[in-house]
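# Working through the structure, step by step
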Amino acid sequence: MTHETTRRTVLLATGATGAAALVAACGGGGDDSGSASTSATAGQALADTDEIPVGGGKIFKDEKVVVTQPEQGQFKAFSAICTHQRCTLASVSDGTINCPCHGSKFRIADGAVAHGPATRPLPAEDIVVEGNSVRLT
């Protein structure tokens, strides 16, 4: 009986560990807090203005920031971390910033949700355009 109990205990513990890892990998159940933490450094130059297409944008994965240019000469910046389950955003196209994990889309002009499952907008990041350079502030 002792051998069977030990084996059952090991199997149950292994199953619980696997389930915990699966929940952690899936983002823990949809935290929609919208909090952002970026690894970008204040004052850091991100790009030249001509690298950010009008009506589009560019994602800076290392800095966890996306810079958009909704209209000529108008630059915006947002966290590049989806507010649904914290995936890094992958592309900017057709006026939206797109998450590859669950299909959320955010508007390039204000970071608002254009298509869920995300329910919160992307947090804005502070940038300044100096000459031809886009910098974090």
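These figures come from a predicted structure and were not determined experimentally. (Residues numbered from 1 in each chain as written. Predicted model: local features only at pLDDT ≥ 70, side-chain atom pairs only at ≥ 80, totals over all residues. Heavy atoms only, no water.)

## Examining the pairing of strand β2 (residues 56-60)
Burial runs high along β2: 4 of the 5 residues are buried. Pairing of β2 with strand β3 (residues 65-71), which is carried by 5 bridges, proceeds in the antiparallel orientation. Across the sheet, residue glycine 56 finds its bridge partner in β3, namely glutamine 69. Counting the residues in the hairpin turn of β2 and β3 gives 4 residues, including lysine 64, whose phi is positive at 60°. (Buried < 20%, exposed > 50% of the residue type's maximum accessible area, 1.4 Å probe, protein only. Helix = DSSP H or I, 4+ residues; strand = E, 2+ residues; numbered from the N terminus. Pairing = 2+ DSSP bridges.)

## Description of the nonpolar core
Counting 13 residues, the largest nonpolar core has Val66, Cys82, Leu89, Ile97, Phe106 and Leu122 as its most contacted members. Those residues within four positions of valine 66 in sequence are excluded, and the remaining contacts are Lys58, Ile59, Lys76, Ala77, Phe78, Ser79, Ala80, Val92 and Ile97. Core analysis: the second largest hydrophobic core is formed by 11 residues, Leu46, Phe60, Val65 and Ile127 among them. (Core = buried A, V, L, I, M, F, W, Y, C linked by side-chain atoms within 4.5 Å. Contact = heavy atoms within 4.5 Å.)

## Brief notes about the sheet that holds strand β5 (residues 91-93)
The sheet built from 4 strands is open, its strands ordered β5-β6-β7-β8 with antiparallel pairing. Only two strands of the sheet have a single neighbouring strand rather than two, namely β5 and β8 (113-115). Mean inter-strand twist for the sheet, computed between neighbouring axes without regard to direction, equals 35°. (Axes fitted to C-alpha atoms, helices over the stretch in contact; angles between N-to-C directions.)

Note that all results are geometric; they support no functional claim without further evidence.
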